[in-house]
Amino acid sequence: MAIGFVVLASVVNGQGALHAVAVALPVHYWQNWTGLFDPAGASGMGLGAVVQVATVGVCTLACWVILHRRDPAA
C-alpha cells in the first residue's frame, strides 16, 4: 500500500495541471534537503517538514481509529 501511494503521489507530482494537489503530498518536498548545500539555503524545508508532520499525524490518527474500532475477539 505504501509503495502504491509513493508511485501515485510521484505521478501526481509530475503533472503540472495538478500542482494544487501535489503541494499537499510529502513527495513534493523530498528533495528540498539538497538546498542545505546551496549558498542560498533551503527555502522550502520548513513547509516540507510541516507537510511531513501533518501526513504522519493523519496516518497515525487513521490507524488508531481503525485499530480502536476492531473487535478484540475477532
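Residues numbered from 1 in each chain as written. Predicted model: local features only at pLDDT ≥ 70, side-chain atom pairs only at ≥ 80, totals over all residues. Heavy atoms only, no water.

Observations regarding the overall build of the protein chain
Next up, step 1: Each helix and strand in the protein chain was counted, giving three helices and zero strands.
Next up, step 2: Reading the protein chain from its N end, one meets helices and strands in the order α-α-α.
Next up, step 3: A compact globule built from 74 residues should have a C-alpha radius of gyration of about 11 Å, whereas the protein chain, at 16 Å, is more than 25% larger.
Next up, step 4: By principal-axis analysis of the C-alpha atoms, the protein chain measures approximately 60 × 25 × 20 Å. (Helix = DSSP H or I, 4+ residues; strand = E, 2+ residues; numbered from the N terminus. Rg over C-alpha atoms; globule rule 2.2 N^0.38 Å.)

Examining the environment of valine 7
Next up, step 1: Residue placement: valine 7 occurs in helix H1 (residues 2-14).
Next up, step 2: Since its relative accessible area comes to 49%, valine 7 is described here as partly exposed. (Buried < 20%, exposed > 50% of the residue type's maximum accessible area, 1.4 Å probe, protein only.)

Topic: the environment of threonine 55
Next up, step 1: Within the element layout of this structure, threonine 55 appears in helix H3 (residues 45-69).
Next up, step 2: Look at threonine 55 and you get partly exposed, because its relative accessible area is 22%.
Next up, step 3: Along the backbone, threonine 55 and valine 65 are ten residues apart, and their C-alpha atoms lie at a distance of 15 Å.
Next up, step 4: For threonine 55, the side chain forms a polar contact with the main-chain oxygen of valine 51, separated by 2.8 Å. (Polar contact = N/O pair within 3.5 Å; in protein donor to acceptor, adjacent residues only side chain to side chain.)

Examining the environment of alanine 49
Next up, step 1: Mapped onto the secondary structure, alanine 49 falls in helix H3.
Next up, step 2: Note on alanine 49: relative accessible area 40%, which makes it partly exposed.
Next up, step 3: Expressed as a C-alpha distance, the spacing of alanine 49 and arginine 69, which sit 20 residues apart in the sequence, is 30 Å.

A word on the confidence of the model for the protein chain
Next up, step 1: Confidence along the protein chain averages 80 in pLDDT terms, with 92% of residues attaining 70 or more.
Next up, step 2: Highest mean pLDDT in the protein chain belongs to H3 (86); lowest belongs to helix H2 (residues 19-22) (80). (pLDDT = per-residue confidence, 0-100.)

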